[in-house]
2 protein chains.
Amino acid sequence: MGLIVLGTVALDTVKTPFGFHKNILGGSASHFSMSARTFTHVDIVAVVGKDFPRKHIEFLRRKGINLDSLKMVDGDTFRWEGKYEGDLNTAHTLHTHLGVLATFRPEITEAQKRIKHVFLANVDPDIQRHLIECMRSPQLIGMDSMNFWINTKRKSLLRTLKKVHIFVANDQEARSLTGETNLIKAARHLSSYGPKMIVIKKGEHGSFFFSDKFIFLLPAYPMEKVVDPTGAGDTFAGGFMGYLSTVRKIDEKAIHKAVAYGTIAASFNVEGFGLERTSRLTLKDVEKRLNFFKKHILL
Amino acid sequence: MGLIVLGTVALDTVKTPFGFHKNILGGSASHFSMSARTFTHVDIVAVVGKDFPRKHIEFLRRKGINLDSLKMVDGDTFRWEGKYEGDLNTAHTLHTHLGVLATFRPEITEAQKRIKHVFLANVDPDIQRHLIECMRSPQLIGMDSMNFWINTKRKSLLRTLKKVHIFVANDQEARSLTGETNLIKAARHLSSYGPKMIVIKKGEHGSFFFSDKFIFLLPAYPMEKVVDPTGAGDTFAGGFMGYLSTVRKIDEKAIHKAVAYGTIAASFNVEGFGLERTSRLTLKDVEKRLNFFKKHILL
């Protein structure tokens, strides 16, 4: 049991048609853990600067997240500024400030090295590989990435991909990493890089799982009001990995449930800015919406 | 039993990464009926010019489609020329020649006026309304449209919408007709124009059904090779309406099945150019793929 996530803890400034929020708590590790914690115990590996507000640390701790390896170092916390328009399907990045992320080298405790389930959220693939090397006997390693690393560190990214079991990517990333426009072909291609399991996230169009044994697809939970989609992909990954870290055997049924939990968790994320909604999320909320989804929306 | 479809019978010239075909049999009524005929008897109401190849008429007749109201008049058959690139999700229209379609006024036989199920595929909304007025006691009327009519004949389109039970639109049409980007909002808005039931087609992302009683969504059947998507939307509508025309009561279960049949029929359409694949389609093919879809792909 237990799950360790490497990623970012960030200060996000987000503008959507529903509001503007400055320097709110964000980052891949924050969003991931807020969702994964409804299933299991979560440890975050990340770095923040000395400017990082104390209240955010207290907040994460209150949510039961282990912060032993959340480093605080001299410098600025990673900041992302973006806006969404129209159908809120695409984030327009206005500004990125790497700050302390630029020189981050993760260090984890002896206890953390023995955690069996690992998720490498989007950071430099060298750092992702470094964390894998720290782990004593990982059973399940998932990873995410982004176009920035695909374009600037492809070789390193491919080396990391070789060492993971699950690769979670969005449709654009899957396409740009493989050169395939058809997503099934792209998934098969990605799998040839190493990971036996591929999850492709398609935003409002749902997600799709690929392995050489079976494929599985699920639409997104239909949302009439999307307030802020920032972190929806990480929230999905948190539900997906969080659930998988609790099962004995990863078979077709477990994957169906994991994708469904990820999908439902993400639907809550988009209902509020930042972690507004997922910070109050309970497993009961997730189960309730999942039952509705199954009963009224799917075949 | 039985279903009558008003639409186009056309000569299509299509280029995709998988080939180039000139003047092949196409049009909304052709695609619709090729799919609907696997469920019920279909009558086509359309017009062609004197240049229309005899072999296409024989072909449609051989497929069991009633052509009593396929008019042949002086002039050219409606022609469409388009190409697809990349992910084949968007048709780029290169050329449209209306020909005899420009002055078309449908006339149907006495027997056809008594058919209970009607589909108004994409033609001028004035013509669509004219056909409705010809029908004696229609039980179920579905309609489709396109951006051209939304932009040029909005008022007439809204008058037609008032008289139908089901509106089938793609996501772009739903958005441009309502000004809503969120598709659930768009569907609710469309429903306020008259039709109790709205089906929104999202191409490779599947489709979604809306009524004030329930919503239902289904991903597209995942296809590794899309050869030519021309007519996929009409093929979907053919499966959807074809199945509905055989049920006693249109309840939630019937809608789930109808959307699923439409989805599966469309997946066959994209496997070949024009009517290549759907002309050989049997209900057994459809059922087989649907079972696979349910078993291995959906929750």
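All of these numbers come straight from a predicted model, not from anything done at the bench.

Novice: I'd like a description of helix H4 (residues 125–134) of chain B, backed by residues and values.
Specialist: Most of H4(B) sits out of view: 8 of its 10 residues are buried. When H4(B) is considered as a whole, its buried residues turn out to be Pro125(B), Ile127(B), Gln128(B), Arg129(B), His130(B), Leu131(B), Ile132(B) and Cys134(B).

Novice: Got a sec to walk through the side chain of Ser30(B)? Specific residues and values, please.
Specialist: Mapped onto the secondary structure, Ser30(B) falls in helix H1 (residues 28–36). Not counting residues within four places of it along the chain, the set of residues in contact with Ser30(B) comprises Thr8(B), Val9(B), Leu25(B), Ile44(B) and Leu275(B).

Novice: So what's going on with the packing of helix H1 (residues 28–36) of chain A against helix H9 (residues 232–244) of chain A? Which residues, and what values?
Specialist: When two helices pack together, their arrangement is given by the angle between their axes and by how far apart the axes lie. Residues and elements named next belong to chain A. Between H1 and H9, the least distance of the axes is 7 Å, while the angle of their chain directions is 45 degrees. If you check the angle between H1 and H9, you find them oblique. As H1 packs across H9, the resulting crossing turns out to be right-handed. On H9, the residues touching Ser28, His31, Phe32, Ser35 and Ala36 of H1 are Asp234, Thr235, Ala237, Gly238, Gly239, Met241 and Gly242.

Novice: Tell me what's going on with the interface of chain B and chain A, and back it up with residues and numbers.
Specialist: Opposite the 32 residues of chain B that make contact, chain A presents 32 residues. Around 2800 Å² of area is buried between chain B and chain A when both sides are counted, 58% of it from carbon and sulfur atoms. Seen at the junction of chain B and chain A, the total is 4 salt bridges. Salt-bridge contacts for Glu224(B) lead to Arg188(A); the nearest nitrogen and oxygen are separated by 2.1 Å. The interface formed by chain B and chain A includes 6 residue pairs in polar contact (both at pLDDT 80 or more). Here the side of chain B that touches chain A takes 6 residues from helix H11 (residues 283–297) of chain B, the largest share from any one element. For the side of chain B that touches chain A, a count of residues per class yields 15 nonpolar, 6 polar and 11 charged.

Novice: Which residues make up the nonpolar core, and what values go with them?
Specialist: Residues Phe240(A), Leu244(A) and Phe240(B) are the most contacted members of the largest nonpolar core, which totals 212 residues. Discounting chain neighbours no more than four positions away, the residues touching Phe240(B) are Ile166(B), Val199(B), Phe209(B), Ile255(B), Ala258(B), Val259(B) and Gly262(B).

Novice: Summarise the sheet that holds strand E8 (residues 117–120) of chain B; cite the residues concerned and give the values.
Specialist: Residues and elements named next belong to chain B. One open sheet accounts for 9 strands, arranged E5-E4-E1-E8-E9-E10-E11-E12-E13; its pairing is mixed. The sheet is open, and its two edges are formed by strand E5 (66–73) and strand E13 (215–218), each paired on a single side. In this sheet, adjacent strand axes meet at a mean angle of 15 degrees when their direction is disregarded. Here 4 bridges tie strand E1 (residues 3–6) to E8, and the two strands are oriented parallel to one another. Following the sheet pairing, valine 5 is matched in E8 by phenylalanine 119. Packing of helix H8 (residues 183–192) onto the sheet brings it into contact with strand E10 (166–170), strand E11 (197–201) and strand E12 (207–210), and relative to E12 it is tilted by some 45 degrees.

Here is what the cut-offs are and how they apply
Residues numbered from 1 in each chain as written. Chains lettered and ligands numbered in written order. Predicted model: local features only at pLDDT ≥ 70, side-chain atom pairs only at ≥ 80, totals over all residues. Heavy atoms only, no water. Buried < 20%, exposed > 50% of the residue type's maximum accessible area, 1.4 Å probe, protein only. Helix = DSSP H or I, 4+ residues; strand = E, 2+ residues; numbered from the N terminus. Contact = heavy atoms within 4.5 Å. Axes fitted to C-alpha atoms, helices over the stretch in contact; angles between N-to-C directions. Parallel < 35°, antiparallel > 145°, perpendicular 65-115°, else oblique. Left-handed = near helix turned anticlockwise from the far one by under 90°. Buried area = accessible area lost by both parts, 1.4 Å probe. Salt bridge = Lys/Arg side-chain N within 4 Å of Asp/Glu carboxyl O. Polar contact = N/O pair within 3.5 Å; in protein donor to acceptor, adjacent residues only side chain to side chain. Nonpolar A, V, L, I, M, F, W, Y, C, P; charged D, E, K, R; others polar. Core = buried A, V, L, I, M, F, W, Y, C linked by side-chain atoms within 4.5 Å. Pairing = 2+ DSSP bridges.

Don't take any of this as a statement about function, it's just geometry.
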